[in-house]
Structure formats: structure tokens, C-alpha cells
Amino acid sequence: DTGVSQDPRHKITKRGQNVTFRCDPISEHNRLYWYRQTLGQGPEFLTYFQNEAQLEKSRLLSNRFSAERPKGSFSTLEIQRTEQGDSAMYLCASSLEAGVFYGYTFGSGTRLTVV
Amino acid sequence: EDKVVQSPLSLVVHEGDTVTLNCSYEVTNFRSLLWYKQEKKAPTFLFMLTSSGIEKKSGRLSSILDKKELFSILNITATQTGDSAVYLCAVFSGTASKLTFGTGTRLQVTL
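A short tour of the structure in this document, coming up. These figures come from a predicted structure and were not determined experimentally. (Residues numbered from 1 in each chain as written. Chains lettered and ligands numbered in written order. Predicted model: local features only at pLDDT ≥ 70, side-chain atom pairs only at ≥ 80, totals over all residues. Heavy atoms only, no water.)

Points about the overall build of chain A
When helices and strands are tallied, chain A shows one helix and 11 strands. Reading the secondary structure of chain A in the N-to-C direction produces β-β-β-β-β-β-β-β-β-α-β-β. C-alpha extents for chain A along the principal axes are approximately 40 × 25 × 25 Å. Within the span of chain A, comprising 115 residues, buried residues form 49% of the whole. The long-range fraction of contacts in chain A, counting pairs at least 24 apart against all pairs at least 6 apart in sequence, stands at 53%. (Helix = DSSP H or I, 4+ residues; strand = E, 2+ residues; numbered from the N terminus. Buried < 20%, exposed > 50% of the residue type's maximum accessible area, 1.4 Å probe, protein only. Contact = heavy atoms within 4.5 Å.)

What about the overall build of chain B?
Counting its regular elements, chain B contains zero helices and 11 strands. Listing every helix and strand of chain B by position from the N terminus yields β-β-β-β-β-β-β-β-β-β-β. Taking 2.2 N^0.38 as the reference for a compact globule, 111 residues should give roughly 13 Å; the C-alpha atoms of chain B span a radius of gyration of 13 Å, in line with that estimate. The dimensions of chain B, computed from C-alpha atoms along their principal axes, are 45 × 30 × 20 Å. Across the 111 residues that make up chain B, the buried fraction comes to 44%. A separation of at least 24 residues holds for 55% of the contacts in chain B among residues at least 6 apart in sequence. Working note: accessible area of chain B is about 5,400 Å², and carbon and sulfur atoms make up 50% of it. (Rg over C-alpha atoms; globule rule 2.2 N^0.38 Å. Areas by Shrake-Rupley, 256 points an atom, 1.4 Å probe, with all protein chains shown as cover.)

Some thoughts on the state of the cysteines
Residues and elements named next belong to chain A. Enumeration over the complete set of coordinates arrives at two disulfides over all chains. A sulfur-sulfur separation of 1.8 Å characterises the disulfide bridge that pairs Cys23 with Cys92. Its torsion about the S-S bond being -70 degrees, the disulfide of Cys23 and Cys92 is classed as left-handed. With Cys23 in strand S3 (residues 19–24) and Cys92 in strand S9 (residues 88–95), this residue pair connects regions lying 69 residues apart in the sequence. (Disulfide = S-S within 2.5 Å.)

Some points on the packing of aromatic side chains
Within this structure, the stated rule accounts for 14 aromatic pairs over all chains. When the ring of A:Phe106 is compared with that of B:Tyr36, the centres are 5.5 Å apart and the planes differ by 85 degrees; the resulting orientation is edge-to-face. Of this pair, A:Phe106 sits in strand S10 (residues 105–106) while B:Tyr36 sits in strand S4 (residues 30–38), each in a different chain. With a centroid separation of 4.8 Å and 20 degrees between ring planes, the pair formed by B:Tyr25 and B:Phe30 is classed as stacked. When its relative accessible area of 4% is taken as the criterion, B:Tyr25 is described as buried. Taken together through their ring pairs, the aromatic side chains of A:Tyr33, A:Tyr35, A:Phe45, A:Tyr48, A:Tyr104, A:Phe106, B:Tyr36, B:Phe45, B:Phe92 and B:Phe101 make up a single cluster. (Phe/Tyr/Trp six-rings, centres within 6.5 Å; stacked < 30°, edge-to-face > 60°.)

Some remarks on the interface of chain A and chain B
Of the residues lining the interface, 24 residues belong to chain A; the matching set on chain B comes to 20 residues. Surface buried jointly by chain A and chain B totals about 1,700 Å² across both partners, of which 56% is contributed by carbon and sulfur atoms. Counting across the chain A and chain B interface gives two salt bridges. Two residues, A:Glu56 and B:Lys98, come together in a salt bridge whose shortest N-O distance is 2.9 Å. (Buried area = accessible area lost by both parts, 1.4 Å probe. Salt bridge = Lys/Arg side-chain N within 4 Å of Asp/Glu carboxyl O.)

Looking at the sheet that holds strand S7 (residues 65–68) of chain A
All names here are of chain A. Overall, antiparallel pairing links the four strands, which are arranged S1-S3-S8-S7 in an open sheet. Because the sheet does not close on itself, it has two edges, and the strands there are strand S1 (5–7) and S7. Averaged over neighbouring strand pairs, the angle between their axes works out to 15 degrees when direction is ignored. One ladder, built from three bridges, connects S1 with S3; its direction is antiparallel. In the strand pairing of S3, Gln6 is matched with Cys23. (Pairing = 2+ DSSP bridges. Axes fitted to C-alpha atoms, helices over the stretch in contact; angles between N-to-C directions.)

Remarks on the sheet that holds strand S1 (residues 3–7) of chain B
Residue and element names in this part refer to chain B. Taken together, five strands build an open sheet; the order of strands is S1-S3-S8-S7-S6 and the sheet is antiparallel. The sheet is open, and its two borders are formed by S1 and strand S6 (56–58), each paired with just one other strand. Direction aside, neighbouring strands of the sheet carry axes that sit 15 degrees apart on average. Where S6 and strand S7 (residues 61–66) come together, three bridges link them in antiparallel fashion. Across the sheet, residue Ser58 finds its bridge partner in S7, namely Leu61.

So, to be careful, I would describe these as geometric facts and stop short of saying anything about function.
Here you go:
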């Protein structure tokens, strides 16, 4: 499979617990993005990496959220002390550096439910 | 703040009908506009438009961009039940590091 992979596909957690999601991008793509999508809304940008450098973070990314891409390949998104408002689909996407000309490829997402 | 607005929010049509989905945008330093189809999970890429007035086509789907009036349309002819999905419009702007999405149009095609 040469697409973008996300793990897990679903996660149910109790409020206050920490969760971590993983994204494996397409191997030759050096840009990796995280988006969040709530029901009935379009995806909202959270953060992006070029190789291992995190170049931009949205105001949506509170200090409970942290993302890493340690070797410029896979990435992790951690949410600490989860709240019910964190329930959403977390989408990862990757692109070549000139993504503006080719667009992104999205993964299937991780659906988080905080109970 | 960049803004992308889609209309209608939802639409129900009969198989065989033609539909037009609308997307308008207000962004700083427009670079390109993209259309995605989202069924249950990941959005899948349909079109990227950068130049005004040039229609992109793929089978029964086509799209065109008007950079003067700041909108795009997505047309689907001879709709099929497999076209039922949420159609998302998104714009690259500024440094083009991120996409700003609209809320999507939910299309349901019935027999």
C-alpha cells in the first residue's frame, strides 16, 4: 500500500486521558499535515511539517496538543488531558514540497471519541 | 482570515439528474482551488484549478474557476448513486502551506 496510513482507525478514550495517533505518509512526500474534522464541517488545519521541521501551527492547536516528526518520515499527534470537545476525525495528509501544484493525499483518518 | 463558502449545504437528486455545486472564496493571495470527494473517510482528490476560465473534466465531472468573481463550480452530469458523498472545496493561499476548506455540500443521489 503506497498511500497515507493512519493508526488507529478508531479510538475511544475517557476524558482526561492522553492519546497518541500515528501517520505514515507516502514515502517520497516531504510535507506532512494534520487536520481535524468535526461532524458537518470541512477539515481544519492543525499543523504541518517539512521533513522533520514543524513549520506552522494553527491557533486551534492548544498546548494540550503536540505533534512530532522525528526523522522526517512518520508523525505522531498527541493530545493530553482529552476533553469531550476533542472528539473529531483527525486526518493526516502528505504532499511533495510543491503541494500547491499537486494537492495533498489524505489518509483515512483516526476517529477519536472522548467519553 | 481566509474563508471558503459552499452552497448548497445539502442536495437530494434523482439518478440521471445534473447537479451544480458552488464554492466562493475570500482569501489573501490566492494560489489554487481544489475539489475533493469525501465518502466515509478520507477526502479523495478530484480537481485542482489555478487559471480562470479553463474547464477541467474527468468523465461526468467538470469544474471551472472564475478568479474575477472568486468562485468555482463543480458539475456532475447523469448522476449515479455512487456519486453520493460530501464534496469539499478548498483553497491554497498565501504561502500555500495549508488548505482552507469549506463546510462541504452533501449530495444524495436516489434511484
